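One-letter residues, chain by chain:
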Amino acid sequence: LSILLSLLVPAHTTRSPDCGGILTPSGLRYRKSRPTSPMPAAGRGGKSVLRQDLMAPPAPDPSPVSPSSRNQIISIKVDEFSLTLIPDTGMRLSIDVDLGIASAPLTTKEMRLSIVADLHVDMNPDGNLEVVPSACKPTLEEVQSTEEMDRSALHKSSGSDVDKQINVEKICLEVSKLLLFPNERLMSLAAPFPITPSCQVQYLPLASPMYSEQGIIISLQTTFQVEGTVIPLPVSPVPFSMPESASSSPSHLTLAFSEHFYTSLFSALEASGALNVSLLVSGTTVSLLPRQMGSLFPEDLPVVLQAATRSSPRVVLEEDKAIVKLLLTVQIGAGSSLFQSFLSVNVDVTARLHLSVVDTRMIISVAAVEDIEVSLAASDVGPVLAALLEELFLPTIREEVPAQINMVLRQGVFLPHIASFTYTDVNITIHKDYVLIPCNLQLEARTG
């Protein structure tokens with residue numbers, strides 16, 4: 001029936017966000033600590049691209065021109081390189097370049113080339129986000145000349161040989177080169193990231209971003225793969241949208257994750273078998289069991305617990321608190337190589353989760369077990385024996401189940417991020433139904 005319904009309902013109606021982020025205006029203005037570094041939106045190579053384009057020799061002029069009359073660019077300084085947010089529209093890239101031009105022997109001019117380009121982020125046919133220009137306007141002005149007495153004069157130099165030499169109109173075509181680097185990095189946003197050797201997470205953009213005074217809002221849908229196959233996940237009962245409190249953060253970026261995201265994460269781990277564990281009960285052998293159980297084995301074997309999920313886990317988010325509810329079936333038996341089960345019990349574990357961020361990974365760990373409920377799967381065991389079994393095995397379940405989960409999640413879960421960036425100054429706040437992660441951006445130094 002679900003397959004039939006999926007064919008009848010348009011695909012886009014089944015896609016809804018379960019996480020997202022807001023890139024704030026301060027995030028757009030972010031620079032590394034060194035003042036000579038470019039904006040991340042243009043990449044480290046932004047200024048060098050401009051220098052190479054402007055210094056490149058011009059195409060041969062079909063009209064005869066005396067070599068001595070040609071203008072030569074002798075110096076280039078990228079003075080301003082900024083990216084600002086335009087609410088409801090997109091972004092604006094502003095570039096100011098100071099040019100030193102030799103037009104004749106002992107005669108130089110200082111020119112100011114200003115480029116203003118409007119940009120926005122679209123979703124391409126491959127489902128990746130990319131920055132595209134929508135408008136571009138270059139202007140060229142003369143700042144000063146060695147032949148002028150008034151060096152503070154500023155006037156437009158239009159129709160001159162300098163315009164032809166620099167080919168100002170071509171500059172707008174070259175702006176697209178500045179977008180190659182960020183677009184390469186944007187593609188990495190949708191790359192699959194490993195959680196365990198067999199389980200991966202992937203964040204897929206649902207649509208082109210929205211622009212508001214608070215920043216650029218990106219909605220993402222999470223998918224999980226087990227052994228390379230996308231697994232079906234529980235359907236979110238409530239569509240997720242970026243909470244209003246996310247817009248009040250002074251950080252560069254605010255990530256938001258719904259309660260459904262965390263439930264889906266544990267469901268993916270459950271589907272991959274990562275939550276199924278085998279526990280050796282320390283110091284306990286069959287000889288220490290009640291007689292009716294110990295007599296089943298001719299030799300003294302170690303007691304082993306094999307725990308497997310009997311239903312999908314569930315994560316509940318409350319104010320300042322995140323808990324996971326695991327519904328386990330525990331087989332109690334003997335022997336490590338040839339396991340022989342003699343009793344089955346249902347164990348419901350409620351555990352508190354701790355969240356932290358390292359670089360671009362969210363570290364999720366079981367901080368404490370808050371509650372354990374045990375019920376016998378078989379009814380032929382008396383209450384006295386049941387109480388004795390709980391006394392023997394509950395300490396192991398209470399200690400080892402969280403330890404095993406933490407071992408599975410010890411590498412962390414990658415957050416949505418773009419290659420070359422990490423997160424700093426992270427502050428995680430847990431609210432009812434969602435988690436906010438305000439953070440600042442850190443551009444990693446490139447080597448080589």
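Residues numbered from 1 in each chain as written. Predicted model: local features only at pLDDT ≥ 70, side-chain atom pairs only at ≥ 80, totals over all residues. Heavy atoms only, no water.

Per an unreviewed UniProt entry, the recorded name for the protein is TENP protein, and the organism is Climacteris rufus.

Now for the overall build of the protein. Scanning the protein from terminus to terminus reveals nine helices and 22 strands. Here the protein holds 448 residues, and the buried ones make up 47% of them. Across the protein, contacts joining residues at least 24 apart in sequence account for 63% of those joining residues at least 6 apart. Accessible surface computed for the protein: about 22,800 Å², of which carbon and sulfur atoms make up 54%. (Helix = DSSP H or I, 4+ residues; strand = E, 2+ residues; numbered from the N terminus. Buried < 20%, exposed > 50% of the residue type's maximum accessible area, 1.4 Å probe, protein only. Contact = heavy atoms within 4.5 Å. Areas by Shrake-Rupley, 256 points an atom, 1.4 Å probe, with all protein chains shown as cover.)

In the structure shown here, the tally under the stated rule is seven salt bridges. A salt bridge links E184 to R185; the shortest N-O distance between them is 3.9 Å. Look at R185 and you get buried, because its relative accessible area is 18%. (Salt bridge = Lys/Arg side-chain N within 4 Å of Asp/Glu carboxyl O.)

Right, let's get into the side chain of D18. Summarising the element assignment, D18 is placed in the loop between α1 (2–8) and β1 (19–23). Of the residues examined, D18 reaches a relative accessible area of 5% and is grouped as buried. Side chain to side chain, D18 and T222 meet in a polar contact 2.9 Å long. Residues contacting D18, with those up to four places away along its chain left out, are L220, Q221, T222, F240, F257, S258, H260 and F261. (Polar contact = N/O pair within 3.5 Å; in protein donor to acceptor, adjacent residues only side chain to side chain.)

Time to look at empty space enclosed by the protein. In the structure shown here, the tally under the stated rule is two cavities of 30 Å³ or more. Empty space within the largest cavity amounts to approximately 680 Å³. Around the largest cavity sit 35 residues that line it, and L23, L186, I218, I418 and L441 are the ones nearest its centre. Two domains each provide a minimum of three residues to the lining of the largest cavity, namely domain 1 (28–51 + 71–144 + 165–187) and domain 2 (190–436). (1 Å grid on protein atoms, 1.4 Å probe; cavity = no way out; pocket = protein on both sides within 12 Å on 5 of 7 lines; lining within 4 Å. Points joined across faces, edges and corners; volume = space filled by probe spheres on them. Domains from an automatic or database assignment.)

Attention now goes to the pairing of strand β8 (residues 199–205). Across the seven residues of β8, five count as buried, placing the element largely inside the fold. When strand β7 (residues 193–196) meets β8, the two strands line up antiparallel, connected through three bridges. Within the sheet, the bridge partner assigned to P194 lies in β8 and is Q200. Across seven bridges, the pairing between β8 and strand β10 (residues 215–226) is antiparallel. Looking at β10, one finds that P205 is bridged to L220. (Pairing = 2+ DSSP bridges.)

All right, on to the state of the cysteines then. Enumeration according to the criterion identifies one disulfide in this entry. Between C136 and C172 runs a disulfide, and the two sulfur atoms are separated by 2.0 Å. Given an S-S torsion of about -80 degrees, the disulfide between C136 and C172 has left-handed geometry. Residue C136 is found in strand β5 (residues 129–145), and its partner C172 is found in helix α5 (residues 168–178); the two are separated by 36 residues along the sequence. (Disulfide = S-S within 2.5 Å.)

The next subject is the side chain of S212. Tracing the backbone shows S212 in strand β9 (residues 210–212). At a separation of 3.2 Å, a polar atom in the side chain of S212 contacts the side chain of Q214.

A word on the packing of aromatic side chains. Under the definition given, this model contains five aromatic pairs. An aromatic cluster of three or more residues is present, and its members are Y203, F257, F261 and Y262. (Phe/Tyr/Trp six-rings, centres within 6.5 Å; stacked < 30°, edge-to-face > 60°.)

In this section: the nonpolar core. Residues Y262 and I364 are the most contacted members of the largest nonpolar core, which totals 104 residues. Considering every element that reaches this core, the biggest residue donor is strand β17 (residues 340–358), with nine residues. Domain assignment of the residues forming this core places at least three in each of domain 1 (28–51 + 71–144 + 165–187) and domain 2 (190–436). Non-local contacts of Y262, meaning those with residues more than four positions away in its chain, are made with F257, V315, L317, L355, M362, I364 and V435. F240, M242, A246 and Y434 belong to the second-largest nonpolar core, a separate cluster that totals seven residues. (Core = buried A, V, L, I, M, F, W, Y, C linked by side-chain atoms within 4.5 Å.)

Along its 13 residues, helix α7 (residues 259–271) runs 18 Å from first to last C-alpha, staying within 8% of the 18 Å computed at 1.5 Å per residue. Where α7 is concerned, the buried positions are E259, H260, F261, Y262, T263, S264, L265, F266, S267, A268 and L269. Immediately beyond the C-terminal end of α7, within one or two residues, lies G273, with a positive phi of roughly 80 degrees. (Expected span 1.5 Å × (residues − 1).)

A separate point is unusual backbone geometry. Most peptide bonds take the trans form, and the phi angle of most residues other than glycine is negative. Even without glycine at this site, D88 takes up a positive phi of about 70 degrees. Among the structural elements, D88 can be located in the loop between β2 (72–86) and β3 (90–104). Using a relative accessible area of 70% as the deciding quantity, one classes D88 as exposed. Phi is positive for D425, close to 50 degrees, though the residue is something other than glycine. For D425, the location among the structural elements is in the loop between β20 (421–424) and β21 (429–431).

Summarising the element assignment, A135 is placed in strand β5. The partly exposed category is assigned to A135, whose relative accessible area is 36%. Measuring from C-alpha to C-alpha, the distance between A135 and C172 comes to 8.8 Å, with 37 residues separating the pair along the chain. For A135, the residues in contact, after removing those within four places along its chain, are V116, A117 and D118.

Secondary-structure assignment places L93 in strand β3. Along the chain, L93 and C136 lie 43 residues apart, while their C-alpha atoms are 9.1 Å from each other. Filtering out sequence-adjacent residues up to four positions away, L93 remains in contact with F81, S82, L83, I115, V116, A117, L119, V175 and L178.

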